[in-house]
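Coordinate analysis (summary)
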Amino acid sequence: MTEPLSPTPILRKIPWLAALDEPSLARLAAATTLRSFNAGEIIFVEGDQPRYLFIIQTGWLKAAKISPEGREQVLDFVGPGQVVNLAPIFAEQPSPATLIALEEARLWAMPQPVLLELLQQYPALAQGLIRFMATRLIYTLSLVEDLSLRSVAGRLAKLLLMQAQGETVLSRRRWATQAEIAARLGTVPDVAQRALRSLAKEGLIKISRDKIVILDLAGLRAKAQF
């Protein structure tokens, strides 16, 4: 018989939760439930009042702003171990983006009231959250800078470097279509495709159906100004 999955191991890996003592961590784990979502399913919509903080157990999702005409600006792709909806939960403000499952995903859901109560009890928890959210603010500012000052090829080069995390081979996930890449770069699929071909023509990357290989790391960094 398979033992039920527990949220405790993944909670222990969240740096800002390190301030909690064992009884409080156990209490948070007991209040946390596992939820499953299908590919394409919406977890929450921009403007929803937040009820849960999510930690991704498996699968990948995207956070996006969607215009009334249906155009997307992808703010981030998020995967296993990452925390979602943090700022709205603690600011007690509506969610600023829509979260959509890119593939089958399982998410741990932590209720907002429990988190807010723990925040009042543990000042060190607040300090950890401030550091974490400051990091996210810096990331958001870099996204604005990218859209304003970098070419599409430069934005693509930076995205590849961030996804590579020091590696030279990036697996291409099934959901990573031209449309998804274009939405992340703030452009249209044809322009994103031309940018990919441009980086390949310059000898910076090699593209195949299931992976992208970085051939010239220094050159890609120069292109990205990263």
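What counts, and at which threshold
- Residues numbered from 1 in each chain as written.
- Predicted model: local features only at pLDDT ≥ 70, side-chain atom pairs only at ≥ 80, totals over all residues.
- Heavy atoms only, no water.
- Helix = DSSP H or I, 4+ residues; strand = E, 2+ residues; numbered from the N terminus.
- Polar contact = N/O pair within 3.5 Å; in protein donor to acceptor, adjacent residues only side chain to side chain.
- Contact = heavy atoms within 4.5 Å.
- Pairing = 2+ DSSP bridges.
- Axes fitted to C-alpha atoms, helices over the stretch in contact; angles between N-to-C directions.
- Buried < 20%, exposed > 50% of the residue type's maximum accessible area, 1.4 Å probe, protein only.
- Arc of directions from axis to C-beta.

Examining the side chain of Lys62
On the secondary structure map, Lys62 appears in strand 4 (residues 61–66). Within polar-contact distance, the side chain of Lys62 engages the side chain of Glu72 at 2.8 Å. In this structure, Lys62 is in contact with Glu72, Val74, Asp76, Phe77, Thr98, Leu99, Ile100, Leu102 and Glu180, ignoring residues within four places of it in sequence.

Overview of the sheet that holds strand 11 (residues 211–214)
With respect to topology, three strands assemble into an open sheet ordered 9-11-10, the strand pairing being antiparallel. The strands lining the two open edges of the sheet, one partner per strand, are strand 9 (169–171) and strand 10 (205–207). Strand-to-strand twist of the sheet, defined as the mean angle between neighbouring strand axes without regard to direction, takes the value 15 degrees. Two strands pair when backbone bridges link them, and strand 10 and strand 11 are joined in this way by three bridges, in the antiparallel orientation. Note on strand 11: the bridge partner recorded for Ile205 is Ile214.

Details of helix 9 (residues 217–224)
The periodicity of an α-helix, 3.6 residues per turn, causes residues three or four positions apart to be oriented the same way. Buried within helix 9 we find Gly219, Leu220 and Ala224. The buried residues of helix 9 occupy an angular sector of 135 degrees when projected down its axis, which confines them to one face. Away from its buried face, by an angle of more than 90 degrees, helix 9 presents the exposed residues Ala218 and Ala222. Where helix 9 is buried, its residues contact helix 6 (152–164), helix 8 (189–201), strand 10 and strand 11. Taking the backbone nitrogen of Ala218 as reference, a side-chain oxygen 3.4 Å away marks Asp216 as the first, capping residue of helix 9.

Spatial relationships are all this shows, so hold off on functional conclusions.
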